[in-house]
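# Architecture and fold: a report
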Amino acid sequence: MKLKDLQYKFHEVLGTDYGKEEVDSFFFMLIDFYFNVSRIQLAMDSDFQVKDTEKILEALVLLKQQKPIQYIIGETEFYGLTFKVNEHVLIPRPETEELVECVIKQTDNNSTINILDIGTGSGCIAISLAKNLELVKVYALDISEDALVVARRNAELNGVDVTFFKANILNTDVIEDLKFDVIVSNPPYVREKEKLQMKPNVLEHEPHLALFVKDENPLLFYKAITDFAKVNLKEKGKLYFEINEYLGQSMIALLNDNNFKNIELKQDIFKKDRMIKGDKI
Ligand code: GLN
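Below or above, wherever it landed, is the structure these notes cover. (Residues numbered from 1 in each chain as written. Predicted model: local features only at pLDDT ≥ 70, side-chain atom pairs only at ≥ 80, totals over all residues. Heavy atoms only, no water.)

### Looking at the site of the ligand
Our working rule: Proximity is defined per residue: any heavy atom of the residue falling within 4 Å of a molecule or strand makes that residue near it. Definition of a polar contact: a pair of N or O atoms within 3.5 Å, with one able to donate and the other able to accept a hydrogen when the atoms are protein atoms, and with sequence-neighbouring residues admitted only if both atoms are side-chain atoms. Here, Shrake-Rupley sampling with a 1.4 Å probe gives the accessible areas, and only protein chains in the shown set may cover a residue. By the convention adopted, Pro, Cys, Tyr, Trp, Phe, Met, Ile, Leu, Val and Ala count as nonpolar, Lys, Arg, Asp and Glu as charged, and the other residues, Gly among them, as polar.
Around the ligand, the neighbouring residues are L90, R93, E95, N186, P187, P188, Y189, V190, A210, L211 and E242. N186 places a polar side-chain atom, nitrogen or oxygen, 2.7 Å from a nitrogen atom of the ligand. In isolation the ligand has 300 Å² of accessible area, and contact with the protein removes 88% of it. Of the residues assigned to the shell around the ligand, the class counts are seven nonpolar, one polar and three charged.

The following block contains the structure:
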């Protein structure tokens, strides 16, 4: 089959569900993944033929069902690294790259420190930190064993050493014998009532366990993690969170009430309140 005809078919099938550019970007990602053909190669040879189209046509059906492209090809890029993903983990988001960037900038690369990532999912935060801060020792936990399988594999693929363990932060008060210089987390923070604004590719395919909290108690995880940090952070240790854009002020209050100092609320590139940091004094 001619690749050009296949591209036409993609637009025909997906044109009502996605924008033109998005369909093209899916198509180019998939021909690169399945046939190792780049967008430029196709532009230079519009008669380019491919034989085994079974896989890419399966992908087309899945895209029609709103399955995220990252789950279809099984990987994505985050902070310049490749991460395997499946339906047990959230697809790493660009705003989380900003959180990682912020931790890296504020961490001294010349000292040996302990970092803990709570609710690690694919391991994207923990692994990017381990890759970019040479002397740190990184620990990461998650409640989901299925997520930990993905995270461990990602650590191996990216050649970093991260200690993963299974734990539920809602009933883990302390971790004996371990104190951290930095605790970082991107816990579930989307309120049930915000579901209405979410697209079907997220809502129907990504793990709700990693996304949603009850409307009545949206800071559930933040409260538990802050309590945990009061015990398990070293003196002058730093606590970093990714947050719900609508809950910036409540997060400042939470950290204040728990005696965290030098609180910084930061916005993401879309000018939404997205990250917060506090120091334990
Ligand atoms: N930013 C993610 C989203 O909007 C949510 C991540 C989270 O709940 N921690 O889909």
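### What about the environment of F260?
Applicable threshold: A run of H or I in DSSP counts as a helix once it spans at least four residues, and a run of E counts as a strand once it spans at least two, with each numbered from the N terminus. Exposure categories follow from relative accessible area, calculated using a 1.4 Å probe and restricted to protein chains: below 20% of the type maximum is buried, above 50% is exposed, and the middle band is partly exposed. Any two residues whose heavy atoms approach within 4.5 Å at even a single point are treated as in contact.
Mapped onto the elements, F260 comes out in strand β10 (residues 260-267). Residue classification places F260 among the buried residues on the basis of a relative accessible area of 1%. It is 8.8 Å that separates the C-alpha atoms of F260 and K230, two residues lying 30 residues apart in sequence. Setting aside residues no more than four positions away along its own chain, F260 makes contact with T226, A229, K230, L233, L239, L255, G278, D279 and K280.

### Thoughts on the nonpolar core
This is how it is decided: Buried Ala, Val, Leu, Ile, Met, Phe, Trp, Tyr and Cys residues that are joined via side-chain atoms within 4.5 Å together make up what is termed a nonpolar core.
Ranked by internal contacts, the top residues of the largest apolar core, which has 34 residues, are L116, I183, L239 and F241. Listed by contribution, the elements that provide at least two residues to this core are β3 (114-118), β4 (137-142), β6 (180-185), β8 (212-213), α11 (220-232), β9 (233-242) and α12 (248-257). A per-element tally of this core places α11 first, with five residues. Contacts of L116, omitting those with residues within four sequence positions, involve Y139, A140, L141, F165, I175, F180, V182, I183, V184 and F228.

### Topic: the packing of aromatic side chains
Condition: Put simply, two rings from Phe, Tyr or Trp (the six-membered ring, in Trp's case) pair if the centres are within 6.5 Å, and we call them stacked under 30 degrees between planes, edge-to-face over 60, tilted for the rest. Throughout this description, the term charge over a ring refers to an Arg CZ or Lys NZ atom that lies within 6 Å of the ring centre and within 35 degrees of the ring normal.
By the definition in use, this model includes seven aromatic pairs. Measuring from centroid to centroid gives 5.0 Å for Y18 and F26, while their planes differ by 85 degrees, and the two rings are edge-to-face. Exposure remark for F26: the relative accessible area of 8% places this residue in the buried category. Of the aromatic side chains, those joined through ring pairs into one cluster are F10, F27 and F28. Sitting over the face of the ring of Y139, K137 holds its NZ or CZ atom 4.8 Å from the ring centroid. Between the NZ or CZ atom of K195 and the centre of the ring of F212, over which it lies, the distance is 4.8 Å.

### Quick look at the packing of α11 against α12
Definition in use: Axis geometry follows a simple rule: fit a line to the C-alpha atoms, using only the stretch in contact for helices, then measure angles between N-to-C directions, giving values from 0 to 180 degrees. Reported orientations rely on four angle classes, namely roughly parallel under 35 degrees, roughly antiparallel over 145, roughly perpendicular from 65 to 115, and oblique for the rest. Handedness of each helix crossing follows the sense of rotation of the near helix against the far helix: counterclockwise by less than a right angle gives left-handed, clockwise gives right-handed.
Where α11 meets α12, the axes come as close as 11 Å, and the angle between the chain directions of the two elements is 25 degrees. As judged from the angle between their axes, α11 and α12 are roughly parallel. Between α11 and α12 lies a crossing whose hand is right-handed. Residue-level inspection shows Y222, K223 and T226 of α11 in contact with α12, the latter providing M251, L254 and L255. In terms of residue class, the contact of α11 with α12 is made up of four nonpolar, one polar and one charged.

### Describing unusual backbone geometry
Where the residue is not glycine, phi is negative for most of them; where a peptide bond is considered, it is trans in most cases. In this structure, N262 takes a positive phi of about 50 degrees despite not being glycine. Mapped onto the elements, N262 comes out in strand β10. A residue is classified by how much of its surface remains accessible, and N262, at 48% relative accessible area, is partly exposed. In this structure, K271 is a non-glycine residue whose phi angle is positive, near 65 degrees. Within the secondary structure, K271 sits in the loop between β10 and β11 (273-280).

### Brief notes about the sheet that holds β3
Just so we agree on the cut-off: By the convention used here, strands pair only if DSSP detects at least 2 bridges between them.
What the seven strands build is an open sheet, ordered β5-β4-β3-β6-β9-β11-β10; its pairing is mixed. This sheet does not close on itself; its edge strands, each paired only once, are β5 (162-166) and β10. Across the sheet, the axes of successive neighbouring strands diverge by a mean angle of 15 degrees, strand direction being ignored. The pairing of β9 with β11 spans five bridges and is antiparallel. Along β11, the bridge assignment pairs L239 with G278. Against the sheet, α12 touches β9, β10 and β11, its axis set at about 165 degrees to β10.

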